[in-house]
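Summary of structural features
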Amino acid sequence: MHYQTLAPFPPGFLWGASTSAYQVEGAWNEDGKGPSVIDRAQFAPELSDFTVTSDHYHRFAGDIALFAELGLKTYRFSIAWSRLYPDGDGELNPQGVAFYQRLIDEIRRHGIEPLVTLYHFDLPWALQLQGGWSNPRTIAAFERFARTAFELFGDRVNFWLTINEQNMMILKGDVIGTLPPGTPDPQKTLYQQNHHMMLAQARAMIACHELLPSAKIGPAPNISCVYPASSRPEDVIAANNYSSIRNWLYLDLACHGRYNALAWRFMAEKGYLPSITAQDLDLLAQGRPDFIAFNYYASTTVAADAPRENAAAQRAREIEDQQLPGMDSAVYIGADNPHLEHNQFGWYIDPVGLRVTCREIYERYHLPLIVTENGLGAFDKLTAGNKIHDDDRIRYLSDHIRQLQLAITDGVALFGYCPWSAIDLVSTHQGISKRYGFVYVNRDEHDLKDLARHRKKSFFWYQRLIKANGQRLETDIEY
Ligand code: BG6
């Protein structure tokens, strides 16, 4: 649809930016923090580990001052579960509590609204040793952790997110380090874990409404529209299949408290069905989100089948990256999209897909939306005068924000946008050289250098855009 005039971003729109605890904090074993699954996972040795990352734990005051200068209205960050409960479910760690008290106070002092993710990939290792999400006791541990966070910080936090990208942990847990290698019968195990996470999420949403009646809480999956590789009806069915398996399974459970019919048939057909009880269904029906947060990096394209000689290449793509669909022959097969460009890491760039995704989610669930991740990973270079000319990022963000304005004009109730990431941090599986931030952190994969912070060109561009409440989309800016 083409419009004569576009609706403006609403007043009070939450312009923000995001991080996650394990990717930005460092201090992985300091002040009583317990290890998480990420601290025990194996990643490529040539890449940075997660022990120091951006050292935000020690430098948060300076970082928050920079976010305030950037003009952020909200800052999305996560609480490291094993910093509060080193064993996941034992004694509360007072030093962990003190850290998040200081962090939240600092954020509020600068007039920024905290947007808190309870759990972003970093399950406490002690719980993993007892079966992790396969063990139903983890559900109660998560509820306890969530209740603690609501009680401790609820007087200063109005917006909560339950679980970051639960769908990616199920679909690509081996890539992001949340599925231990050698897990027997991985698919069936994962769908049982998914069910337990859904129950945990429902309990957290119920607890939030009970303890903090004026706060708002929502899920935070990674949702992307799925295109058929062609107008062939079989390809359209494949796209439908993948959309249910990748997207709607997670949001139907979170918002309607029921399993998506097609995803259920898929699990039945493959022998992946989780065991569930009648009480589980009651619980799922009671847990209601106030809004939907979602992460979007690019659209996905699938076909019904692919020439045989491509099968091995497809399989390699599937293993390699969380943003690629991969394949499940007879259900969907990842396909190329000749209409889209790639970034330096092979991820597609599809701003229009963000508008499509907003429309699809809003039409299905009629809940307010906030984008909690979107951004360009790139090999940014520090140049003379500590300058970082990240013009590609500016273009990426501008193009996506333009599509958001179109989505708002389409009638979608969007209340915020938080690009990934506020500051450079360590990527899930591609090191610190894959940078996303508005603020550059001076370190390499293994050389920590001075960890100094430098404002990138995109910092000044986003600052101007926020000041104009989204009306300054032009990409040129003096730097
Ligand atoms: C999402 C995650 O998958 O995408 C983030 O929520 C992650 O934790 C981001 O960093 C970008 O992915 P990557 O693999 O480039 O770090």
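Higher on the page you've got the structure.
Throughout what follows, the structure given in this document is the object of discussion. (Residues numbered from 1 in each chain as written. Predicted model: local features only at pLDDT ≥ 70, side-chain atom pairs only at ≥ 80, totals over all residues. Heavy atoms only, no water.)

Turning to unusual backbone geometry, a few remarks are in order. In this chain, Trp 420 is followed by Ser 421 through a cis amide linkage whose omega measures 10°. With respect to the helices and strands, Ser 421 occurs in the loop between β14 (414-417) and β15 (439-441). In this structure, Lys 449 is a non-glycine residue whose phi angle is positive, near 45°. Counting through the fold element by element, Lys 449 comes out in the loop between β15 and β16 (453-455). Looking at Lys 449, the relative accessible area reads 43%, which means it is partly exposed. (Helix = DSSP H or I, 4+ residues; strand = E, 2+ residues; numbered from the N terminus. Buried < 20%, exposed > 50% of the residue type's maximum accessible area, 1.4 Å probe, protein only.)

Taken together, 16 residues sit near the ligand, with Gln 23, Glu 165, Thr 428, Lys 434 and Tyr 436 positioned nearest. In this structure, an oxygen atom belonging to the ligand sits 3.1 Å away from a side-chain N or O atom of Ser 427. For the ligand, an oxygen atom lies 2.6 Å from a polar atom in the side chain of Lys 434. Looking at side-chain class alone, the shell around the ligand contains five nonpolar, eight polar and three charged residues. (Near = heavy atom within 4 Å. Polar contact = N/O pair within 3.5 Å; in protein donor to acceptor, adjacent residues only side chain to side chain. Nonpolar A, V, L, I, M, F, W, Y, C, P; charged D, E, K, R; others polar.)

Inspection of every chain in the model, using the stated rule, returns 39 aromatic pairs. Among the aromatic side chains, those forming a connected cluster through ring pairs are Phe 9, Phe 13, Trp 15, Tyr 417, Phe 438, Trp 461 and Tyr 462. Across the ring face of Phe 99, the terminal group of Arg 83 is positioned such that the distance to the ring centre comes to 5.7 Å. Stacked on the ring of Phe 459, the Lys or Arg Arg 455 has its end atom at 5.8 Å from the ring centre. (Phe/Tyr/Trp six-rings, centres within 6.5 Å; stacked < 30°, edge-to-face > 60°. Lys NZ or Arg CZ within 6 Å of the ring centre and 35° of its normal.)

Spatial relationships are all this shows, so hold off on functional conclusions.
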